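This is what each chain is made of:
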Amino acid sequence: MPSIAKRLESLAMRPAIGDPSFQHWLTHQKQLEFIKANSESDDELVLYAGFQNTFVYSVLVPVQCLEPPDAEDLLKWNGNAFGSWGVLHGYGPERTLEITPPLSGFGSRTIETGEPILFLRDYDGLRTNPSTYVELSQKFTHVSGLHFLRERSAWCRLDPNGDIVEKARIIQIGDGENGGFDRAVIVERRLLDEYAAMTDSLVVQMFDFTTVALESFSGWADSRTKSFHDDGALIYRRGSQPNAGFARGVQIVRPRLSKAGLSNPPDASEPKKYISFIAWDWKNKLVKDVSCAPDALANYFTTSEKPFETSPAFFRPEVLLKYKADTEKYTLATRSISCRGAWHLQSYDINAAGQVHTYLVYLGRLPYEEQHYWRSFNEAPKGGLSQRAVKTDFEGSWEVESDVLEELKTLLHDLQRRAVPWWHLRAEELLRKLAYPVTTSKDEWAEAISVLDQVVVEGLEEKWLRRKLSALSPSVDDRLRALKLLENCLTALGFEPDHARALLGPFHDVHNLRSTQKSHAPGKTAPEEREGLLEKHKTFRAHFEYLCQSCLESLTIIDRALAEPESRRLRTQD
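Residues numbered from 1 in each chain as written. Predicted model: local features only at pLDDT ≥ 70, side-chain atom pairs only at ≥ 80, totals over all residues. Heavy atoms only, no water.

## Considering the overall build of the protein chain
Then step 1. Broken down by element type, the protein chain carries 20 helices and 24 strands.
Then step 2. Each principal axis of the C-alpha atoms in the protein chain carries an extent, and together these give about 100 × 80 × 60 Å.
Then step 3. Across the 574 residues that make up the protein chain, the buried fraction comes to 45%.
Then step 4. A fraction of 63% describes how many contacts in the protein chain between residues 6 or more apart in sequence connect residues 24 or more apart.
Then step 5. When the accessible surface of the protein chain is split by element, carbon and sulfur atoms take 51% of a total near 30000 Å².
Then step 6. Averaged over its 70 positive side-chain charges, the protein chain has a centre that lies 1 Å from the centre of its 81 negative ones. (Helix = DSSP H or I, 4+ residues; strand = E, 2+ residues; numbered from the N terminus. Buried < 20%, exposed > 50% of the residue type's maximum accessible area, 1.4 Å probe, protein only. Contact = heavy atoms within 4.5 Å. Areas by Shrake-Rupley, 256 points an atom, 1.4 Å probe, with all protein chains shown as cover. Lys, Arg positive; Asp, Glu negative; His and termini not counted. Charge placed at Lys NZ, Arg CZ, Asp CG, Glu CD.)

Following this line, the structure appears as structure tokens:
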């Protein structure tokens, strides 16, 4: 079946006069069939539609006001989606002041008891065309956990896997020739049903389909054919004449679930699923498949033959690449991994053999799909736990070697917090992307160097450094760039030339490596350069640690040097 958007667009298509389908078009049978099918079989429901020949507006009405529905009263509705909360002034013998609800004065006593879910609002201060925009009820969005994302034109939330899912969305109808006014808003049916059930309400869709051949229309004729329809759910009046027609009424949409069915937490009826991992059952001194289900594991205080919940499983390092590649969704810390709004892996580490390891108890807390992802990288241990994991997780000691990358990030965060004038972070996401290479992939290593260069070297403020050097030295070569300007600033501040050059050496190394190893067409020396670095450092990670350590030491000294009183005076002048 075509999408709702395509089916809505087809409603606006007018056959030419004389076309065999023109008279059928005037009966609005296609429109009536659409809204009926939309309520009975679609996974999304139209909250609002406003475009040529078509108007649909849905509100919630208490169940008790529709049992039974008063057809004559419902057909008296007379309003639109621009209704909003207002202020009513009374000027009788005693002046009164009251706040009026959005559906007051809607013409139908039944509908006036209802609750709007959608509002069209107009603000002339908007520099957009049209100046109208769509709001959903805060009560509905708060209860449903929805947030409007402008770039998607949709109200969204996170699913159990941390992915953004659209639950209600604005769709443009046609090619936008009508200034953007032709649009519809549709909502996930289950979400609306849940809200309707919780509020003891039914959805009432008001609709008006009016089709007119303007080139021959001079008014509504008394002789037009009229009909009335009421099947308890779809209630409307219809009229037609040779050059025009209308169908106007309401549709009552009942939720597909009950309030009683919502009393249990989501997925309470479905037990959580777990899979098995190749793990080191150190309690029984075996390497075997072990389920990560809680009832398959034991703690230190339980007498059992079951493996301990702290039995480690080992994985190829590529398991981390997914989390490194999407820093918007995942936070890959030195010892933990988080997925936004979804899950958290409390601990992991990398052993001397380069394997990622974590404990079965933590794997069991991951969503089932995420467990399968980790299982695809699972392998038998090639070594033991990392020394750091042994100390922190089993010996309870935090006297472990500091992590140089974390120290570097801490310093950079501090520089940003203090707003030093000679460096700033170009984008916050760069620090999230700054991570160790964990595999033997040269591309992953080159990408890590590229990010390090973007953070450290590209963060240098060339304009400030030029002004600083001009204040310290009588003449400054206009061709000098940030790194050379910084080196000359240090020399002018009293550093020995060789020392200043050495301090900038790590920055040059990072920048040059990015050029040779990350460029689309690396030179002939790139492979030889990699081989030389691997021969010296053994692994890409060890080399990257060396670069981070060198940059950390240089930045620490540079920060102290440029923070002298004279530098602070210059900053004040700026």
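Structure shown, so let's carry the discussion forward.
## Notes on helix α11 (residues 387-394)
Then step 1. Residues Arg 388, Ala 389 and Thr 392 constitute the buried set of α11. The buried residues of α11 occupy one face: seen down the axis, they fall within an arc of 90°.
Then step 2. Packed against the buried residues of α11 are β22 (349-350) and β23 (356-359).
Then step 3. Positive phi appears at Gly 396, one or two residues downstream of α11, with a value of about 70°. (Arc of directions from axis to C-beta.)

## Some remarks on the confidence of the model for the protein chain
Then step 1. For the protein chain, per-residue confidence averages 89 on the pLDDT scale, and residues scoring 70 or more make up 93% of the total.
Then step 2. Within the protein chain, no element has a lower average pLDDT than helix α20 (residues 565-573), which sits at 43, and none a higher one than β23, at 98. (pLDDT = per-residue confidence, 0-100.)

## Remarks on the sheet that holds strand β20 (residues 337-339)
Then step 1. In spatial order, the strands read β19-β20-β21; together these 3 strands make up an open sheet with antiparallel pairing. Edge positions in the open sheet fall to β19 (330-332) and β21 (343-345), since each of these has one partner strand only. On average, adjacent strands in this sheet sit at an angle of 10° to one another, irrespective of strand direction.
Then step 2. Of the strand pairs in this sheet, β20 and β21 are connected by 3 bridges, and their pairing is antiparallel. Directly across from Ser 338, in β21, lies its bridge partner His 344. (Pairing = 2+ DSSP bridges. Axes fitted to C-alpha atoms, helices over the stretch in contact; angles between N-to-C directions.)

## Focus on the packing of aromatic side chains
Then step 1. The tally for this structure, following the rule as stated, stands at 25 aromatic pairs.
Then step 2. A ring pair is formed by Phe 207 and Phe 209, whose centres lie 5.3 Å apart and whose planes are at 20°; its orientation type is stacked. There is no split in this pair, since Phe 207 and Phe 209 are both buried.
Then step 3. With a centroid separation of 5.0 Å and an interplanar angle of 45°, the aromatic rings of Trp 282 and Phe 308 are classed as tilted. Here Trp 282, found in the loop between β16 (276-281) and β17 (286-291), pairs with Phe 308, found in the loop between β17 and β18 (312-315); they are 26 residues apart in sequence, far enough to count as distant.
Then step 4. Put simply, the rings of Phe 277, Phe 315, Tyr 323, Tyr 330, Trp 343, Tyr 373, Trp 374 and Phe 377 pair up and form one aromatic cluster.
Then step 5. Here the basic side chain of Lys 283 rests over the ring of Phe 308, its NZ or CZ set 4.7 Å away from the ring centre.
Then step 6. Taking the ring centre of Tyr 373 as reference, the NZ or CZ of Lys 322 above it sits at 3.9 Å. (Phe/Tyr/Trp six-rings, centres within 6.5 Å; stacked < 30°, edge-to-face > 60°. Lys NZ or Arg CZ within 6 Å of the ring centre and 35° of its normal.)

## A look at the pairing of β16
Then step 1. Residues Phe 277, Ala 279 and Asp 281 line the buried face of β16, whereas the alternating positions Ser 276, Ile 278 and Trp 280 sit on a face that is not buried.
Then step 2. As judged from the 6 bridges shared by β16 and β17, these two strands associate in the antiparallel manner. Bridge pairing in β17 places Ile 278 opposite Asp 289.
Then step 3. Between β16 and β17, which pair antiparallel one after the other, the connecting turn spans 4 residues, and Lys 285 there sits at a positive phi close to 55°.

## Quick notes on the environment of Tyr 368
Then step 1. Locating Tyr 368 in the fold gives a position in helix α10 (residues 368-375).
Then step 2. For Tyr 368 and Lys 273, which are 95 residues apart along the polypeptide, the C-alpha to C-alpha distance reads 6.1 Å.

## With respect to unusual backbone geometry
Then step 1. Cis geometry marks the peptide bond from Glu 67 to Pro 68; its omega dihedral reads -5°.
Then step 2. Mapped onto the elements of the fold, Pro 68 is located in the loop between β2 (54-62) and α4 (71-74).
Then step 3. Despite not being glycine, His 28 shows a phi value in the positive range, around 65°.
Then step 4. Positionally, His 28 belongs in the loop between α2 (22-27) and α3 (29-40).
Then step 5. The buried category is assigned to His 28, whose relative accessible area is 0%.
Then step 6. Positive phi values are uncommon outside glycine, yet Ser 153 reaches one of about 50°.

## With respect to α10
Then step 1. Of all the residues in α10, the buried ones are Glu 370, Gln 371, Tyr 373 and Trp 374. Down the axis of α10, the buried side of the element spans an arc of 155°, and every buried residue falls inside it.

## Some thoughts on the environment of His 508
Then step 1. Locating His 508 in the fold gives a position in helix α17 (residues 497-518).
Then step 2. The partly exposed category is assigned to His 508, whose relative accessible area is 31%.
Then step 3. His 508 sits 25 residues away from Leu 483 along the chain, and the two C-alpha atoms are 7.7 Å apart.

## Looking at the pattern of salt bridges
Then step 1. Under the criterion given, the structure shown has 40 salt bridges.
Then step 2. The partner of Lys 139 in a salt bridge is Glu 115, and the shortest N-O contact between them spans 3.8 Å. Linking Lys 139 in helix α6 (residues 138-144) with Glu 115 in strand β5 (residues 115-116), this pair joins segments that are 24 residues apart in sequence.
Then step 3. Between Glu 487 and Arg 501 there is a salt bridge whose closest N-O contact spans 3.8 Å. Of the two residues, Glu 487 sits in helix α16 (residues 482-492) while Arg 501 sits in helix α17, which places them 14 residues apart along the sequence.
Then step 4. Taking relative accessible area as the criterion, Arg 501 reaches 43% and is therefore assigned partly exposed.
Then step 5. By sharing partners, the salt bridges in this structure join Arg 335, Asp 349, Arg 388, Asp 393 and Asp 403 into a single network. (Salt bridge = Lys/Arg side-chain N within 4 Å of Asp/Glu carboxyl O.)

## Some points on the side chain of Arg 335
Then step 1. Note that Arg 335 resides in the loop between β19 and β20.
Then step 2. Residue class for Arg 335 comes out buried when judged on its relative accessible area of 18%.
Then step 3. Setting aside chain neighbours within four positions, we find Arg 335 in contact with Gln 346, Ser 347, Tyr 348, Asp 349, Arg 388, Ala 389, Thr 392 and Asp 393.

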